Amino acid sequence: PHTGRLALYLLGLRATCPPASPHRSLVTWLKYYLEEDWTGSRRRGHPLSNYYQYGLGVLALCVHHKRVREEVIRRLLTAQHHGRLGHGGNAVDTEAVVALAFTCLERRRLVGTELAAELRAAAQGASRSMAEAQGPDGIIGNIYSTPWALQVFLATGACQTEPAFGQAMAALLENLEAFGTAATMAQVLPVLHGHSYLDIASMHCQEEPDTLTPLDMEPLAEVPGNKTVQLVVECPLPWCYDLQLYDRPVLVPAAASLLDVLRAAAALEPHDFRFHTQDTLQGPFLTQVLGLEARQEKRNYWQLLTAPSTPLQMGIADYRPQDGETLILRLSEW
């Protein structure tokens, strides 16, 4: 089910203040998708999509002032209580979306008093968890998950008392060049104006000017020449006996991304280097390298690092390595 995409579309639709209500059938479809999505839990223990998309669905319904069955809400509460919301930046993204959904349901009074108290406590717990996850550079999770954390601080009021808020905002302002796609811009722009997605629900549309105009995007200038990137694949115990499975220089155009490096390696040695990605709302996500698949049920993922041990703050399609840089793909546990 396309739960996340439909949820984001409905959030965007509400934010544009449509003159009529042509989206009623879409809201009904989203409710249907939430139920279909959960059928995966019978076999996998989690939604067919993931908790991030499932949380987005609940948030979008709440922003449209639609009630959600208590069972649906408690699925998210249970997942949060048992630490099933992911790893690294993905965990911050998911926990933030879920916390925003909880805060919206409580604020819009779409649940009973007892459940509202549980949701409030869960959202406040998520806020504290994000503050504890902040790195020395001010980033929470990774640069793309930081706006989600900031939205939670704003929505719960923690922005006024939490020191992590100012530090994360400073880190965000230093890394704005990382937000170059529509999806990432949509996450960071509300924060830069002191808002969260929850504020969409209380917009006064008659006061909103029509400022939506097409933007002519100039293509990026091509960078001449080539560069060489050292590509390393590591797989520690207990998954592999040999730590280093691959170590080769890869020649690519000067403007190539990490995804381009992977494609070039696969084209150069189709029998020795293979990889797979999964399309997500934030771009392609690395799921399999050299036949080794990262799986949520195994609690592992492919960590991206620049040598010797610095985690990348961007995805494989956005990060552009320097000439002579060593990039490490490491199967890691979360």
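You'll find the structure just up there.
Presented here is an overview of the structure given in this document. (Residues numbered from 1 in each chain as written. Predicted model: local features only at pLDDT ≥ 70, side-chain atom pairs only at ≥ 80, totals over all residues. Heavy atoms only, no water.)

Moving on, we come to the environment of Ala7. Of note, Ala7 is situated in helix 1 (residues 3-15). Exposure remark for Ala7: the relative accessible area of 0% places this residue in the buried category. Sequence separation between Ala7 and Val27 is 20 residues; the distance between their C-alpha atoms is 8.7 Å. (Helix = DSSP H or I, 4+ residues; strand = E, 2+ residues; numbered from the N terminus. Buried < 20%, exposed > 50% of the residue type's maximum accessible area, 1.4 Å probe, protein only.)

This part is about the state of the cysteines. In a disulfide, the sulfur atoms of two cysteines are held together by a covalent bond. Following the criterion strictly, the structure yields one disulfide and no others. Between the sulfur atoms of Cys62 and its disulfide mate Cys104 the distance is 2.0 Å. Negative torsions about the S-S bond denote left-handed disulfides, and the value of about -95° found for Cys62 with Cys104 makes this one left-handed. Linking Cys62 in helix 4 (residues 51-63) with Cys104 in helix 6 (residues 88-107), this pair joins segments that are 42 residues apart in sequence. A residue is classified by how much of its surface remains accessible, and Cys62, at 0% relative accessible area, is buried. On the basis of relative accessibility, which here comes to 1%, the residue Cys104 falls in the buried class. (Disulfide = S-S within 2.5 Å.)

All right, on to the sheet that holds strand 7 (residues 310-311) then. Spatial strand order, 2-1-8-6-7: five strands in an open sheet with mixed pairing. Bordering the open sheet on either side are strand 2 (244-253) and strand 7, each of which pairs with just one other strand. Here seven bridges tie strand 6 (residues 300-306) to strand 8 (residues 326-333), and the two strands are oriented antiparallel to one another. Each bridged residue has a counterpart across the sheet, and for Asn300 the counterpart in strand 8 is Glu333. Across the sheet, helix 11 (residues 258-268) touches strand 1 (226-234), strand 2, strand 6 and strand 8, and the angle it forms with strand 2 is around 105°. (Pairing = 2+ DSSP bridges. Contact = heavy atoms within 4.5 Å. Axes fitted to C-alpha atoms, helices over the stretch in contact; angles between N-to-C directions.)

We now examine helix 5 (residues 70-81). With twelve residues, helix 5 should cover 16 Å at 1.5 Å per step; its first-to-last C-alpha distance of 16 Å lies within 8% of that length. Buried residues of helix 5: Val72, Ile73, Arg75, Leu76, Leu77, Ala79 and Gln80, and no others. Backbone geometry just downstream of helix 5 places Gly83 in the positive-phi region, at approximately 65°. (Expected span 1.5 Å × (residues − 1).)

For the coordinates displayed, the defined rule picks out nine aromatic pairs. Between Tyr52 and Trp148, the ring centres sit 6.1 Å apart and the planes meet at 85°, which makes this aromatic pair edge-to-face. With a gap of 96 residues between them, Tyr52 in helix 4 and Trp148 in helix 8 (residues 146-156) connect regions that are remote in the sequence. There is no split in this pair, since Tyr52 and Trp148 are both buried. When the ring of Trp148 is compared with that of Tyr197, the centres are 5.4 Å apart and the planes differ by 85°; the resulting orientation is edge-to-face. Of this pair, Trp148 sits in helix 8 while Tyr197 sits in the loop between helix 10 (182-192) and strand 1; the two residues are 49 residues apart in sequence, bridging distant segments of the chain. Since its relative accessible area comes to 1%, Trp148 is described here as buried. Taken together, the ring pairs in this structure connect Trp29, Tyr32 and Tyr33 into an aromatic cluster. One residue, Arg248, lies across the ring of Tyr246, its end atom 5.1 Å from the ring centre. (Phe/Tyr/Trp six-rings, centres within 6.5 Å; stacked < 30°, edge-to-face > 60°. Lys NZ or Arg CZ within 6 Å of the ring centre and 35° of its normal.)

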